[in-house]
Amino acid sequence: MDRPGFMASLVAGGIAGVSVDLILFPLDTIKTRLQSPQGFNKAGGFHGIYAGVPSAAVGSFPNAAAFFITYEYVKWFLHTDSSSYLTPMKHMLAASAGEVVACLIRVPSEVVKQRAQVSASTRTFQIFSNILYEEGIQGLYRGYKSTVLREIPFSLVQFPLWESLKALWSWRQDHVVDSWQSAVCGAFAGGFAAAVTTPLDVAKTRIMLAKAGSSTANGNVLSALHGVWRSQGLAGDHVPGIFLQEQSMWPPFGEGRQLPGLQASQLAVPPPHPDAELDHLFDCSFCVPLAVLISAI
């Protein structure tokens, strides 16, 4: 990927990702508190719904940019004919690689943010300092494996489905999809992926919020899910946050939050691979405002 393309994708994807994270942060707080082991009310209820926002603000841009750049670069590196049956596999591999790289930035930010969300009276920097003092750098990466384990299946479902729906709609109407049509495709893709991976998201939250030294804090996803099942049953896996999971039931709500940013990165510069025609929807001059507008609807 050439330097201008790299920078345009970096800035557009990063700005859109930050916009989504900050605008919809209250929904993320509610989701975290619904999934927390102490329950919604004890975790803070509707009070202090912007607790932890500094962590999200600091980590959002590099996290979003890292994902979009990796996703686009891997798609370009694995370029295939757009009609090839290997195209969905290319999207799956690109999304998986993007998530693995992005999680290196996302997980520390997510650990601090989620603990602040369930401890609204404690300052974000104090939580960050406590983690470093009590657990060291490893404490900031607690839940990395569970996060990747959740993000990769999510992306394996979401992004190929999103790309396929856009391609199908483009073929049916004989021209490239508009931005609102891309958003509708993303709504179906993100909603389906969210429903499938909600239990893994609950496990990730429980692991990140667990007390240091506890069995849950060891990062065993099956153990965390078993604990939820034993104490709350199936509702403990699916009801808390299924409609708020990473704000992914609609592409503007995206990790799920990745979709509007990815849209922006694709709008910013035509991707240098064979299926660029389907991905390049509008001129660069409209990319960031349009993506942010889509994100906020």
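This text follows the structure it describes.
The structure reproduced in this document is the subject of the present report. (Residues numbered from 1 in each chain as written. Predicted model: local features only at pLDDT ≥ 70, side-chain atom pairs only at ≥ 80, totals over all residues. Heavy atoms only, no water.)

Moving on, we come to the nonpolar core. Of all hydrophobic cores here, the largest spans 12 residues; its members are Ala64, Phe67, Phe68, Tyr71, Val74, Ala94, Ala95, Ala102, Phe159, Trp162, Cys185 and Ala189. At the level of secondary structure, the elements contributing two or more residues to this core comprise α3 (53-77), α4 (87-117), α7 (144-173) and α8 (179-209). When residues in this core are grouped by element, the largest group, 5 residues, is from α3. By size, the runner-up hydrophobic cluster in this structure holds 10 residues, among which are Cys103, Val107, Val112 and Ile131. (Core = buried A, V, L, I, M, F, W, Y, C linked by side-chain atoms within 4.5 Å. Buried < 20%, exposed > 50% of the residue type's maximum accessible area, 1.4 Å probe, protein only. Helix = DSSP H or I, 4+ residues; strand = E, 2+ residues; numbered from the N terminus.)

To continue, consider the environment of Arg123. Counting through the fold element by element, Arg123 comes out in the loop between α4 and α5 (124-135). Classification of Arg123 by relative accessible area gives exposed; the value is 68%.

This part is about the pattern of salt bridges. Going through the model one piece at a time under the given rule, you end up with 14 salt bridges. In this structure, the salt-bridge partner of Glu135 is Arg115, at a minimum N-O distance of 3.3 Å. Within this pair, whereas Glu135 is found in helix α5, its partner Arg115 is found in helix α4, the two being separated by 20 residues in sequence. What makes Glu135 partly exposed here is its relative accessible area of 21%. Between Lys166 and Glu163 there is a salt bridge, with its nearest N and O atoms 3.8 Å apart. Highlighted residues: Lys166 and Glu163, both in helix α7, separated by 3 residues, approximately one helical turn. Residue classification places Lys166 among the buried residues on the basis of a relative accessible area of 3%. Residue Glu163 is classed as buried on the basis of its relative accessible area of 6%. (Salt bridge = Lys/Arg side-chain N within 4 Å of Asp/Glu carboxyl O.)

These values are about where atoms sit, not about what they do.
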